[in-house]
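# Coordinate analysis (summary)
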Amino acid sequence: MSDKQFRRNSYDGIADLYDSARPSYPEALFDDIASYARLHEDARILEVGCGTGQATTPMARRGYAIDTVELGAQLAAIAREKLSAFPKVSVICADFETLSLPGETYDLLLSATAFHWIDPAIRFQKARDLLKPSGALALFWHRPALTDLGRPYLEPLQQVYERIAPELARDFSPPPRPEEVRTEYQELITADGLFGDLAIRKHYVNKEYSAADYASLLGTFSDHRSLDAGKRERLLAGIETLINKKFGGKIIRETVALLYLARRL
């Protein structure tokens, strides 16, 4: 198994932690999606990689019919339980890359912090094939950002990484300001002529975490999951201790919910 495959598959083993720790997305982001995609009350949506429903639930509340695909059996089970109150939502436990679905079926295909795991050789072609003519694509991620609000935490946290997990520290660079968050999928989405009418939206988010909750969140990140279990435990314990001792038990995490919207050509 490649490192990417290992990291992609690692979430299922921590499904309960993933469900409790992973954040959702701003309601304004879902407003952007519905407006761009011109979703009507009978719209059909396909979601790729639902996790435990962080993005599915806000769309389900809006009344849409959703088929959501999740590779991990434990993640899918939690999503299915959480979404049981929405009869128009179906959770499919399968690998999107090999799953057979009827073409030109969906008004919208969305993927929240998951599309990067799909094979680049097929992901956009398969997405296009499943969308109705003029159907829409919505891809979004939480991307790290930094303002003066989060700057005091930066160096002390890095010192913990350098001491305990230098392999993660080597790959780190300070996050940009929210307006400067890099839009690396901008060219990828339109490169093959499958999608056009690209629109990008950035929603700044800051959220306060307790030391324990922040450590739990870090414990769901794939690069942290790839560490040896003992090292990972020492790292998360060191970060939790730092936040408790230096910052009064609280830390603010800044991100941009970065949304790409495009239309099938």
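Up top is the structure.
A short tour of the structure in this document, coming up.

Cut-offs and rules
Residues numbered from 1 in each chain as written. Predicted model: local features only at pLDDT ≥ 70, side-chain atom pairs only at ≥ 80, totals over all residues. Heavy atoms only, no water. Helix = DSSP H or I, 4+ residues; strand = E, 2+ residues; numbered from the N terminus. Rg over C-alpha atoms; globule rule 2.2 N^0.38 Å. Buried < 20%, exposed > 50% of the residue type's maximum accessible area, 1.4 Å probe, protein only. Contact = heavy atoms within 4.5 Å. Arc of directions from axis to C-beta. Pairing = 2+ DSSP bridges. Right-handed = clockwise from strand over helix to strand, strands pointing away. Phe/Tyr/Trp six-rings, centres within 6.5 Å; stacked < 30°, edge-to-face > 60°. Core = buried A, V, L, I, M, F, W, Y, C linked by side-chain atoms within 4.5 Å. Axes fitted to C-alpha atoms, helices over the stretch in contact; angles between N-to-C directions. Salt bridge = Lys/Arg side-chain N within 4 Å of Asp/Glu carboxyl O. Disulfide = S-S within 2.5 Å.

On to the overall build of the protein, then. A tally of regular secondary structure across the protein gives twelve helices and seven strands. Computed over C-alpha atoms, the radius of gyration of the protein comes to 19 Å, within 12% of the 18 Å expected from 2.2 N^0.38 for 265 residues, which places it in the range of a compact globule. Taking the principal axes of its C-alpha atoms as reference, the protein extends roughly 55 × 35 × 35 Å. Taking all 265 residues of the protein together, 54% fall into the buried category. Counted over contacts in the protein with a minimum sequence separation of 6, partners at least 24 positions apart contribute 79%.

Let us now look at helix α10 (residues 211-218). Because each turn of an α-helix spans 3.6 residues, side chains separated by three or four positions end up pointing in the same direction. All of the buried residues in α10 are Ala211, Tyr214, Ala215, Leu217 and Leu218. What you see down the axis of α10 is that its buried residues fit within an arc of 160 degrees, all on one side. The inward-facing, buried residues of α10 abut α2 (15-21), α7 (151-164), β6 (195-210), α11 (222-225), α12 (229-246) and β7 (250-264).

Turning our attention to the pairing of strand β3 (residues 89-93). Where strand β2 (residues 65-70) lies against β3, five bridges are found, and the strand directions are parallel. Looking at the pairing, glutamate 70 lines up with cysteine 93 of β3. This β-α-β element, β2 to helix α5 (residues 73-82) to β3, shows right-handed connectivity.

This paragraph deals with the packing of aromatic side chains. Taken as a whole and assessed by the stated rule, the structure comprises eleven aromatic pairs. Geometrically, the ring pair formed by tyrosine 185 and tyrosine 260 is tilted, given 6.0 Å between the ring centres and 55 degrees between the ring planes. Within this pair, whereas tyrosine 185 is found in helix α9 (residues 185-190), its partner tyrosine 260 is found in strand β7, the two being separated by 75 residues in sequence. Given a relative accessible area of 1%, tyrosine 260 falls into the buried group. Clustering of aromatic rings is evident, with ring pairs tying together Tyr11, Tyr18 and Trp117.

A positive phi angle is found at threonine 113, which is not glycine, with a value near 50 degrees. In this fold, threonine 113 is placed in the loop between β4 (106-112) and α6 (123-130).

The nonpolar side chains of soluble globular proteins are, as a tendency, buried together. Core analysis: the biggest nonpolar cluster contains 31 residues, and Ile33, Leu39, Met59, Leu108 and Phe140 have the highest contact counts within it. Looking at this core, the elements that each hand over two or more residues are α3 (27-37), α4 (56-61), α5, β3, β4, β5 (131-144) and β7. Considering every element that reaches this core, the biggest residue donor is α3, with six residues. Non-local contacts of methionine 59, meaning those with residues more than four positions away in its chain, are made with Phe30, Ile33, Leu39, Ile45, Tyr64, Ile66, Leu108 and Leu110. Listed in part, the 28 residues of the second largest apolar core include Leu101, Ile118, Ile189 and Phe195.

Time to look at the environment of phenylalanine 247. Residue position: phenylalanine 247 is located in the loop between α12 and β7. As for phenylalanine 247 and alanine 85, which are separated by 162 residues in sequence, their C-alpha atoms are 40 Å apart. Once you skip the residues sitting within four places of it in the chain, phenylalanine 247 turns out to touch Pro152, Tyr153, Pro156 and Leu242.

Another aspect to go through is the sheet that holds β2. Strand order in this open sheet of seven strands is β3-β2-β1-β4-β5-β7-β6, and the pairing throughout is mixed. In this open sheet, the two edge strands, each paired with only one partner strand, are β3 and β6. Averaged over all adjacent pairs, the angle separating strand axes in this sheet is 20 degrees, with direction ignored. One ladder, built from three bridges, connects strand β1 (residues 44-48) with β4; its direction is parallel. Across the sheet, residue leucine 46 finds its bridge partner in β4, namely leucine 109. Its contacts with the sheet put α5 on β2 and β3, and the angle it makes with β3 is roughly 170 degrees.

Tallying each qualifying case throughout the model produces eleven salt bridges. Ionic pairing is found between arginine 143 and glutamate 184, a salt bridge with its closest N-O pair at 2.6 Å. Residue arginine 143 is found in strand β5, and its partner glutamate 184 is found in the loop between α8 (166-170) and α9; the two are separated by 41 residues along the sequence. Of the charged contacts in the structure, one is a salt bridge between lysine 231 and glutamate 167, with a shortest N-O distance of 3.0 Å. Here lysine 231, found in helix α12, pairs with glutamate 167, found in helix α8; they are 64 residues apart in sequence, far enough to count as distant. According to the relative accessible area criterion, glutamate 167 is partly exposed, its value standing at 26%.

Here we take up the state of the cysteines. Tallied over the entire structure, the rule returns zero disulfides. Its sulfur unpaired, cysteine 50 is 9.2 Å from the next cysteine sulfur, which belongs to cysteine 93. For cysteine 50, a relative accessible area of 3% translates into the label buried. Residue classification places cysteine 93 among the partly exposed residues on the basis of a relative accessible area of 38%.

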